[in-house]
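# Tertiary structure, described
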Amino acid sequence: MGDVLAGIHATWEFDTDSVLIRFERGIRTPKLFQSLRERRVPHAALSSVTLTPGKRGTVVLHAVPRPGADPLLEAAAGQLKDGCDPYRLVLPAEREMLAEYYADELRAVLGPDAAQPADRFMVAAPEAPMSFKAYDGRAGFDGDRISFRWSWAGASSAKWKAGDQTFPVGELCGVEWRSPEAFDGYLRLVPRTAVTDSVMAGPVDAPGETYGGVGGAQGLRAAVRPTQADQDPAAVVFGLGYGPVHESLPFAAAVLESVRRRQATPATAPAALVGAGRRDPADIAERIRHLGELHQAGLVTDDEYGAKKAQLLSEL
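Parameters and conventions
Here the residue index of a chain counts from 1 through its sequence in written order. The predicted origin of the model limits local features to residues at a pLDDT of at least 70 and limits the giving and counting of side-chain atom pairs to 80 or more, whereas totals for whole chains, interfaces and linings rest on all residues. Computation of side-chain values covers all heavy atoms of the structure but excludes hydrogens and water. Runs of E in the DSSP output that reach at least two residues are strands. Runs of H or I that reach at least four are helices, and both are numbered from the N terminus. A 1.4 Å probe rolled over the protein chains alone gives each residue an accessible area, and that area as a share of the maximum for its type sets the label: buried under 20%, exposed over 50%, partly exposed in between. Residue contacts follow a heavy-atom distance rule, with two residues in contact if any of their heavy atoms lie within 4.5 Å. For the area figures, the Shrake-Rupley method with a 1.4 Å probe applies, and any residue is considered shielded solely by the protein chains shown. Strands are treated as partners if at least two bridges between them are detected by DSSP. Only the contacting stretch of a helix is used when fitting its axis, a line to C-alpha atoms as for every element, and angles between N-to-C directions run 0 to 180 degrees. We define a salt bridge as a side-chain nitrogen of Lys or Arg found within 4 Å of a carboxyl oxygen belonging to Asp or Glu. Here, expected helix span is obtained from the residue count minus one, scaled by 1.5 Å. What the arc measures is the spread of directions leading from the helix axis to the C-beta atoms.

Let us now look at the overall build of the protein. A count of helical and extended segments in the protein gives 8 helices and 14 strands. Per-residue burial for the protein yields a buried fraction of 46% across its 316 residues. When contacts within the protein are restricted to residue pairs at least 6 apart in sequence, those whose partners lie at least 24 apart make up 60%. Approximately 15900 Å² of the protein is accessible, and the part contributed by carbon and sulfur atoms is 52%.

Dropping the structure here:
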């Protein structure tokens, strides 16, 4: 093909094996599109193509991806509104015949597995590093580790007692994203169900809950997770103006893609344990400082402060 079809918020460039979607920048363009900038979608990643009437004299060309082909849509889990669907190209109604032509061209190149879920991600995820501000802290991702740094104003006492968290991608098995447009939006990391007993377990927030602890996922031990995201040290919660879709969803997609990629790469078990009992001295010092602030604020008792500090020092 090699042609270009310009819509209201995006332009589709048709190549021999893929569609390059370039999103426009402007005050009326959804912020998610501006954040994504552009995406290359292989034909093999598509399951179907439709053309339907839109609103206010428009038509909508919709390329539907195969389940499991795009980490962004996998992370969204059906929560994106139509106006933020990056696979919908809205065009003026007078371009309907042209849009139908390209829809037919795309249908003709769909692969034999188009009706089947994809066995891997085929569309690239947004690139790290990235970060966003949640209601109860700041989330950061450098490509290898996710960090949660709690806010004095928004974080629960359970999270402050657990301390700032760092989660290596290799210790996660997934991501849960609940849209900030919902009442109780959040981003929650899903650690592996079991880790080595040699690593310190975190404080018990409620009966049966051993989740959390200094060091994030490294502090788990066959944990039962808190049901409330505001009590879970592996989650950050959203709010009005905190964790907006165009910031938190690309973040979730990037983490999910990295997790899946690590799962697909065989790892040597002994290498995964090298250094597991030792921590960066600078990281230990930073967490002791936070612990002291919690102690001064009355959020932890003298006994809790002394015990936790001793545990941290033992990791040096």
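Moving on, we get to the sheet that holds strand E9 (residues 137-141). Here 4 strands make up an open sheet; going across it, the order is E8-E9-E10-E11 and the pairing antiparallel. Edge positions in the sheet fall to strand E8 (130-133) and strand E11 (165-168), since each has one partner strand and no second. On average, each strand axis in the sheet is inclined to that of its neighbour by 10°, with strand direction left out of account. Bridge analysis of strand E10 (residues 145-150) against E11 gives 4 bridges, and the strand direction is antiparallel. Each residue of the ladder has a partner; that of Arg 145, found in E11, is Pro 168. Packing against the sheet, helix H5 (residues 245-264) makes contact with E8, E9 and E10, and its axis sits at approximately 140° to E8.

If charged atoms from side chains of opposite charge come close, those side chains can pair. Summed over all chains, the structure comprises 13 salt bridges. For the salt bridge of Glu 38 with Arg 22, the shortest nitrogen-to-oxygen distance reads 2.7 Å. With Glu 38 in strand E4 (residues 38-42) and Arg 22 in strand E3 (residues 18-23), this residue pair connects regions lying 16 residues apart in the sequence. Taking relative accessible area as the criterion, Glu 38 reaches 42% and is therefore assigned partly exposed.

Over its 13 residues, helix H3 (residues 96-108) extends 18 Å from the first C-alpha to the last, a length consistent with the 18 Å expected when each residue adds 1.5 Å. For H3, the complete set of buried residues consists of Ala 99, Tyr 102, Ala 103 and Leu 106. For H3, the angular spread of the buried residues around the axis is 105°, confining them to a single face. In H3, the exposed positions angled more than 90 degrees off the buried face are occupied by Met 97 and Ala 108. Of the surrounding secondary structure, the elements contacted by the buried residues of H3 are strand E1 (4-6), strand E2 (10-14), E3, strand E5 (46-53), strand E6 (58-65) and strand E7 (88-92).

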